[in-house]
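# Structural overview
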Protein chains: 2
Amino acid sequence: MMKGKERRTVRKMQSGRWEAERRMERVRQHLIPEAAKQLEMARCGGGKLRMRVDSRCLSNYMRGKHREIQEKVFDYYNANPQLQTPVEISKDDHRHLCMSQLLGLVREAGIRPLRYVVSDPSKYFAILEAVGSVDMSLGIKMGVQYSLWGCSILNLGTKKHKDKYFDGIDNLDYLGCFAMTELHHGSNVQGLQTVATFDPITDEFIIDTPNDGAIKWWIGNAAVHGKFATVFARLKLPTYDTKGLSDMGVHAFIVPIRDMKTHQPLPGIEIHDCGHKVGLNGVDNGALRFRSVRIPRDNLLNRFGDVSRDGKYTSSLPTVNKRFAATLGELVGGRVGLAYSSVSVLKVAATIAIRYSLLRQQFGPPNQPEVSILDYQSQQHKLMPMLASTYAFHFATTNLVEKYSQMKKTHDEELVADVHALSAGLKAYVTSYTAKSLSICREACGGHGYAAVNRFGILRNDHDIFQTFEGDNTVLLQQVAADLLKQYKGKFKGGTLAVTWSYLRESMNTYLSQPNPVTARWEGEDHLRDPKFQLDAFRYRTSRLLQSVAVRLRKHSKSLGDFGAWNRCLNHLLTLAESHIESVILAKFIEAVRSCPDPSSQAALKLLCDLYALDRIWNDIGTYRNVDYVAPNKAKAIHKLTEYLSFQVRNIARELVDAFDLPDHVTRAPIAMRSEAYSQYTQYVGF
Amino acid sequence: MMKGKERRTVRKMQSGRWEAERRMERVRQHLIPEAAKQLEMARCGGGKLRMRVDSRCLSNYMRGKHREIQEKVFDYYNANPQLQTPVEISKDDHRHLCMSQLLGLVREAGIRPLRYVVSDPSKYFAILEAVGSVDMSLGIKMGVQYSLWGCSILNLGTKKHKDKYFDGIDNLDYLGCFAMTELHHGSNVQGLQTVATFDPITDEFIIDTPNDGAIKWWIGNAAVHGKFATVFARLKLPTYDTKGLSDMGVHAFIVPIRDMKTHQPLPGIEIHDCGHKVGLNGVDNGALRFRSVRIPRDNLLNRFGDVSRDGKYTSSLPTVNKRFAATLGELVGGRVGLAYSSVSVLKVAATIAIRYSLLRQQFGPPNQPEVSILDYQSQQHKLMPMLASTYAFHFATTNLVEKYSQMKKTHDEELVADVHALSAGLKAYVTSYTAKSLSICREACGGHGYAAVNRFGILRNDHDIFQTFEGDNTVLLQQVAADLLKQYKGKFKGGTLAVTWSYLRESMNTYLSQPNPVTARWEGEDHLRDPKFQLDAFRYRTSRLLQSVAVRLRKHSKSLGDFGAWNRCLNHLLTLAESHIESVILAKFIEAVRSCPDPSSQAALKLLCDLYALDRIWNDIGTYRNVDYVAPNKAKAIHKLTEYLSFQVRNIARELVDAFDLPDHVTRAPIAMRSEAYSQYTQYVGF
């Protein structure tokens with residue numbers, strides 16, 4: 001077995017190699033400034049007949065505008081091997097290391113995330129992405145500090161709060177938590193039971209945990225590092241007769257939880273460690289119980305509702321529900337970040353699995369060399385539609401980040417609605433897909449995929465909770481469906497439509513007519529690869545699902561009530577939401593193909609886009625067949641073409657993963673190294 | 001945070017509680033001897049109209065005949081809390097603990113597994129199951145020692161080997177490894193490159209690792225504990241001219257790897273630790289390189305091929321391929337064990353997820369209490385078909401174990417063929433299904449599913465490799481498909497059919513006729529729940545897939561050759577294999593329903609069986625629709641009935657998981673405790 005010291009040496013050597021490689025890449029980047037990049041891209045095409053992809057060209061098209069700060073992040077951690085997370089580490093050590101990593105980033109590398117949250121959210125997300133690729137625990141810990149704790153101050157507080165807390169949060173003096181979830185209530189935030197009672201005598205709120213079910217649970221930063229928490233609690237105000245209390249609904253309060261000097265929990269605050277988790281063990285999640293904890297009235301985050309000295313409630317918003325919606329609405333950034341980060345995880349996993357599948361050989365024709373396992377149809381079936389989806393999600397989520405940034409600037413109402421529904425849908429759809437894909441990648445890489453050093457276990461364990469936190473996926477998809485239904489009801493009465501849904505108006509008309517029995521039989525490749533056919537098919541399905549669920553809901557609500565009817569149609573509603581999101585992703589992908597300036601990159605993207613579209617149609621072929629939107633001969637042709645496109649994508653798979661532009665120090669898995677993978681792997685275990 | 005001491009106290013308390021509970025159960029069992037059990041079962045029915053299940057009755061029907069020795073295993077570990085694996089443990093500590101657990105079982109509890117391997121394999125599998133539920137690492141470590149290392153001696157060796165090694169293996173003096181897999185070769189065992197050259201001068205074999213790719217990799221027991229290894233290597237014998245060497249193919253050799261006294265690696269043997277894995281870190285997998293390691297001629301495991309003193313090769317089997325097949329054929333027990341253990345893992349996971357889904361409440365109709373999340377259609381959709389599948393797999397795999405035991409007694413040729421194909425298919429199908437289900441369970445339990453103490457992470461990480469070891473699932477399914485094709489070719493020439501495939505003869509005839517346009521539209525519940533309809537549908541699909549792939553293979557092999565044609569049809573072949581296995585599972589399930597003596601248990605099983613069948617048909621509705629085996633109205637009716645059956649199963653879900661008869665000390669997750677789950681959970685974190 002390799003001794004600790006040797007392993008450190010190997011790690012340092014690797015780190016050195018990565019450093020060198022990365023520097024060369026940077027030099028290359030510097031030699032090609034923006035204008036030259038455009039030129040290069042125009043040149044790359046070359047009008048070749050056989051499909052060839054220049055991964056650099058494609059990469060230039062894909063690369064976000066914040067690559068530079070990501071490089072800075074990578075540089076910092078590469079230069080500090082002691083800050084790199086080893087494959088095996090105990091929970092307590094991991095938390096300590098994770099805190100050091102964050103402190104290093106902010107205080108040594110000088111990156112101040114909260115400023116970007118305000119000035120340039122897309123840059124903030126780029127930092128989050130880079131940091132998450134160093135260690136996902138670090139990404140989440142940073143997210144807790146800035147997206148959750150920090151943004152709760154920025155978005156739910158007012159000037160007095162920003163003045164007091166901004167710098168301390170940004171420089172990590174004020175480490176904080178976001179204490180929303182309780183033991184008994186996660187998804188149903190309106191059911192939270194922690195209480196904040198106003199005491200008009202002392203001008204304070206008294207925070208209480210009324211029962212065990214109301215213990216704040218899973219609170220990041222709480223178990224070890226946090227000094228403050230934004231606590232969500234029911235605001236209770238004395239009524240006029242001063243005997244009763246009226247419940248004003250859930251509000252957010254700043255509660256100091258640990259002494260600034262001694263770091264001991266403050267009186268009335270009981271903190272326990274939620275313990276070892278499936279993943280993300282670098283993040284210290286804790287449970288908090290409050291016993292008559294007094295905080296000044298100023299600690300109410302009072303942007304959407306305030307309490308005066310004499311205990312009177314004021315708000316710019318008329319109802320409890322509107323205030324609650326406004327409060328939660330401000331938290332949408334977290335979902336945007338998760339959808340975006342989930343794609344990064346998928347890129348890393350797909351890259352490792354595909355590079356290894358190109359390297360690994362097993363079996364072959366008699367008396368001939370063995371073949372790469374990516375040459376097997378079954379392996380292509382596992383990985384090529386996944387690669388296509390990764391590209392599809394890339395464009396959809398970068399677009400979402402842009403929309404979000406714009407929304408934060410303009411506060412345009414239509415954009416707000418769009419970003420809300422889109423972030424819910426994409427977060428749910430993308431994280432579910434990534435979670436499944438991580439298991440597929442592990443399995444596709446066989447035994448070597450089971451070595452921890454090859455990353456799939458860690459990626460899967462860390463990413464797993466993306467499906468749950470910042471909104472359970474099943475709940476988020478219902479929000480999307482509810483939104484669709486609202487739009488559906490509104491639009492036929494002539495209301496306007498949010499941008500993302502506007503396609504529905506048109507396709508609903510198509511749906512109301514019967515499927516065309518002639519086009520249902522068209523099976524030519526040109527037709528199947530026509531974006532119009534693909535989009536029509538996706539949208540037809542969504543429209544049909546929407547129309548039919550609306551009818552079913554109306555029918556069932558008579559006997560079961562609204563709640564019962566919704567539940568009776570729940571699977572249908574979830575399918576509708578997924579179908580809609582798939583349509584939105586496809587539309588974005590088609591747009592991205594159209595806008596690509598370099599013909600050879602464009603051809604590669606078109607291929608991927610077709611595979612994404614046809615694979616999805618084939619996966620749900622039953623639905624299409626049931627309404628004869630697709631005739632049997634066409635169904636067969638779609639299946640055949642999907643397999644053929646997978647094969648074609650396989651032929652440029654190496655270039656396609658190279659275009660993700662993930663340096664070896666990000667992928668890290670020895671089996672996915674761009675050169676001498678096997679020998680890096682044997683060296684790792686000590687040969 | 002809970003201190004180490006407190007945690008130990010809590011663990012001890014839990015252990016005490018479990019102990020008490022288990023004792024009561026045992027007392028109850030003793031009070032109801034076998035005859036009374038039958039009586040009780042006959043009584044349980046009671047002819048109630050509303051479906052009610054007595055979980056004890058159902059459990060009696062499900063329970064294997066080796067419950068007693070499983071109780072003994074549980075008793076032993078419950079009485080020894082120091083042998084229970086904590087939620088967080090380092091790799092090195094885990095390996096040490098795992099070894100202590102195994103030593104305790106054999107030397108203190110006095111269970112001698114190798115004897116059961118010989119005398120009563122189904123008892124051996126029952127022990128393996130119980131031990132695996134204590135810690136899956138322990139189950140696998142035991143499997144390495146007995147199923148792999150032990151059975152290689154029993155099945156590939158001859159009397160001299162058994163005489164020499166049996167006792168040492170059984171009492172753990174001779175810890176050993178099974179060194180088959182190499183860095184470059186896992187699935188393609190015939191491509192192994194380690195060499196065993198006979199030296200006629202010294203009467204020895206010389207074992208060599210000719211290149212890095214031939215390093216033995218992932219060898220369980222090698223990194224720390226093993227003294228011996230059964231090494232698979234190409235046997236090379238001097239040719240007559242004594243200048244060349246002839247390659248006799250892969251054979252197995254006993255190679256001592258560590259000194260019996262000092263435990264140091266023997267000269268010429270380089271051992272490294274394969275390092276941290278995704279799961280099963282209690283098992284010490286290592287990598288082995290051999291440099292001219294000399295072993296006596298007697299160390300060849302010579303059941304299927306021998307070398308005489310003068311270097312002549314003799315064998316009862318005529319060709320290299322037949323010997324290779326016979327050698328690998330003896331390893332089928334491992335697959336049987338994995339399929340069987342995988343179902344146990346699925347039972348534990350389903351039990352935890354379902355109990356928690358009954359406990360957890362979230363949202364509800366306005367002004368009414370919140371509802372259990374298992375009342376949501378979406379949660380039923382995730383978990384109820386899974387519960388039905390768990391039952392289906394239970395009957396299929398217990399049947400497989402029985403067949404295997406019988407095969408080891410009778411060596412009946414037909415049974416051998418049957419067990420081979422069935423174990424390959426069930427191992428692949430069941431482990432893939434369980435792996436996916438573990439992720440679904442985690443996600444279905446939201447945030448609390450992410451606490452390590454609630455088990456899903458550990459179960460998933462440990463079980464994950466079940467899909468790969470003892471035969472990669474994708475490779476095993478191809479074996480099933482190849483077998484089907486062989487039978488298909490043979491049978492139409494009038495050959496006999498292995499038991500499991502015999503249905504194909506009949507349904508192939510049905511297939512050759514067109515689907516019946518009248519029955520294709522029948523949509524009544526009686527019809528859809530008729531086992532004949534269900535089995536016909538499953539078998540029709542399999543027959544159709546078999547017939548069509550045979551045609552495609554013939555067509556493609558002309559231009560692409562056999563290897564190319566196989567690859568061109570690979571996805572089709574895998575679907576065929578899965579479809580066949582699903583048919584076999586359904587047939588066994590229907591049989592188990594029919595044989596159940598207690599009417600109320602029978603009714604519950606019938607419900608589960610219908611859900612299993614219709615859910616599978618709906619999942620592949622595209623295929624049925626494409627050939628108009630099922631008309632659109634029928635497809636809709638199947639979907640509707642599947643949702644309704646899920647709802648009905650939900651109503652007896654608690655009893656159905658209780659019938660798995662898993663005591664709390666096996667499920668262990670606080671959120672799944674049968675009483676006061678939430679408070680056990682809060683206590684666990686220290687409240």
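Residues numbered from 1 in each chain as written. Chains lettered and ligands numbered in written order. Predicted model: local features only at pLDDT ≥ 70, side-chain atom pairs only at ≥ 80, totals over all residues. Heavy atoms only, no water.

If you look chain A up in an unreviewed UniProt entry, it shows as Acyl-coenzyme A oxidase from Psophocarpus tetragonolobus. What UniProt records for chain A under Sequence similarities (unreviewed entry) is the sentence "Belongs to the acyl-CoA oxidase family." What the UniProt record of chain A gives under Cofactor (unreviewed entry) is the line "FAD". (UniProt positions renumbered as here; feature names shortened; annotations may be inferred.)

## Let's talk about the relation of the copies chain A and chain B
With an RMSD of 0.0 Å, chain A superimposes on chain B once it is rotated by 180 degrees and translated 0.0 Å along the axis. Such a combination of turn and shift is consistent with a two-fold rotation axis. Closest approach to the rotation axis among the C-alpha atoms of chain A is made by Gly 622 of chain A, whose C-alpha sits 1.9 Å away. Most of the interface of chain A is mirrored in chain B: 100% of its interface residues are interface residues there too. (Least-squares fit on C-alpha atoms with pLDDT ≥ 70 in both. Contact = heavy atoms within 4.5 Å.)

## Observations regarding the UniProt feature "domain: Acyl-CoA oxidase C-alpha1" (unreviewed entry) in chain A
Following the UniProt record, one finds the feature "domain: Acyl-CoA oxidase C-alpha1" (unreviewed entry) at residues 329-484 of chain A. A helix fraction of 74% and a strand fraction of 0% characterise residues 329-484 of chain A, whose end C-alpha atoms lie 18 Å from each other. (Helix = DSSP H or I, 4+ residues; strand = E, 2+ residues; numbered from the N terminus.)

## Some words on the interface of chain A and chain B
Note: interface size is frequently given as the accessible area lost on complex formation between the parts. Across the boundary between the two partners, chain A contributes 84 residues, which contact 84 residues of chain B. Each partner contributes to the roughly 7500 Å² buried at the junction of chain A and chain B, and carbon and sulfur atoms together form 54% of this total. Looking at the side of chain A facing chain B, the largest losses of area belong to Tyr 450, Phe 563 and Phe 687 of chain A, adding up to 12% of the total buried there. Inspection of the region where chain A meets chain B yields 4 salt bridges. For Asp 464 of chain A, the salt bridge identified is with Arg 460 of chain B, shortest N-O distance 2.8 Å. Across the contact surface, chain A and chain B share 57 residue pairs in polar contact (both at pLDDT 80 or more). Its residues placed into classes, the side of chain A that touches chain B shows 32 nonpolar, 31 polar and 21 charged. (Buried area = accessible area lost by both parts, 1.4 Å probe. Salt bridge = Lys/Arg side-chain N within 4 Å of Asp/Glu carboxyl O. Polar contact = N/O pair within 3.5 Å; in protein donor to acceptor, adjacent residues only side chain to side chain. Nonpolar A, V, L, I, M, F, W, Y, C, P; charged D, E, K, R; others polar.)

## Points about the sheet that holds strand S4 (residues 216-219) of chain A
Spatially, the 3 strands line up as an open sheet ordered S4-S8-S7 (chain A), and their pairing is antiparallel. Here the strands that pair on one side only, and so sit at the sheet edges, are S4 and strand S7 (269-273) of chain A. Between one strand axis and the next, the sheet turns through 25 degrees on average, direction left out of account. Pairing geometry for S4 of chain A and strand S8 (residues 286-290) of chain A, over 2 bridges, is antiparallel. Note on S8 of chain A: the bridge partner recorded for Ile 219 of chain A is Gly 286 of chain A. Most of the contacts of helix H25 (residues 677-685) of chain B go to S4 of chain A, to which it runs at about 55 degrees, and overall it touches S4 and S7 of chain A. (Pairing = 2+ DSSP bridges. Axes fitted to C-alpha atoms, helices over the stretch in contact; angles between N-to-C directions.)

## What about the environment of Lys 403 of chain B?
Secondary-structure assignment places Lys 403 of chain B in helix H12 (residues 377-410). Judged by relative accessible area, Lys 403 of chain B falls into the buried class, the value being 14%. (Buried < 20%, exposed > 50% of the residue type's maximum accessible area, 1.4 Å probe, protein only.)

## Focus: the sheet that holds strand S7 (residues 269-273) of chain B
All names here are of chain B. With antiparallel pairing, the 3 strands of this open sheet are ordered in space as S4-S8-S7. The open sheet is flanked by strand S4 (216-219) and S7, the only strands paired with a single partner. The sheet shows a mean angle of 25 degrees between the axes of neighbouring strands, direction not considered.

## Remarks on the packing of helix H11 (residues 332-359) of chain B against helix H13 (residues 413-444) of chain B
All names here are of chain B. For the pair H11 and H13, interaxial distance at closest approach is 8 Å and the crossing angle is 25 degrees. It follows that H11 is roughly parallel to H13 by the angle criterion. In the crossing of H11 with H13, the sense of the turn from one axis to the other is left-handed. Across the contact of H11 with H13, the residue classes tally to 17 nonpolar, 6 polar and 2 charged. (Parallel < 35°, antiparallel > 145°, perpendicular 65-115°, else oblique. Left-handed = near helix turned anticlockwise from the far one by under 90°.)

## Some words on the environment of Met 62 of chain A
Within the secondary structure, Met 62 of chain A sits in helix H3 (residues 55-62). In this structure Met 62 of chain A touches Tyr 391, His 394, Phe 395 and Phe 660 of chain A, once residues within four positions along its chain are discounted.

## So, a positive patch on the surface
Together, Lys 555 and Arg 568 of chain A together with Lys 636 and Lys 640 of chain B make up a region of like positive charge exposed at the surface. Mapped by element, the contributors of at least two residues to the positive patch are helix H18 (531-568) of chain A together with helix H22 (632-651) of chain B. Inspection of the secondary structure assignment puts Lys 636 of chain B in helix H22. (Patch = residues over 30% accessible without salt bridge, like charges linked within 9 Å, V, L, I, M, F, W, Y side chains within 5 Å. Areas by Shrake-Rupley, 256 points an atom, 1.4 Å probe, with all protein chains shown as cover. Lys, Arg positive; Asp, Glu negative; His and termini not counted. Charge placed at Lys NZ, Arg CZ, Asp CG, Glu CD.)

## Overview of the side chain of His 665 of chain B
The residue His 665 of chain B is located in helix H24 (residues 664-667) in this model. For His 665 of chain B, the side chain forms a polar contact with the side chain of Asn 78 of chain B, separated by 3.5 Å.

## Things to note about the environment of Ala 653 of chain A
Residue and element names in this part refer to chain A. Among the structural elements, Ala 653 can be located in helix H23 (residues 653-658). Judged by its relative accessible area of 0%, Ala 653 is buried. Through-space distance from the C-alpha of Ala 653 to that of Met 384 is 8.0 Å; in sequence the pair is 269 residues apart. In contact with Ala 653, not counting residues within four places along its chain, are Ile 354, Leu 374, Met 384 and Leu 387.

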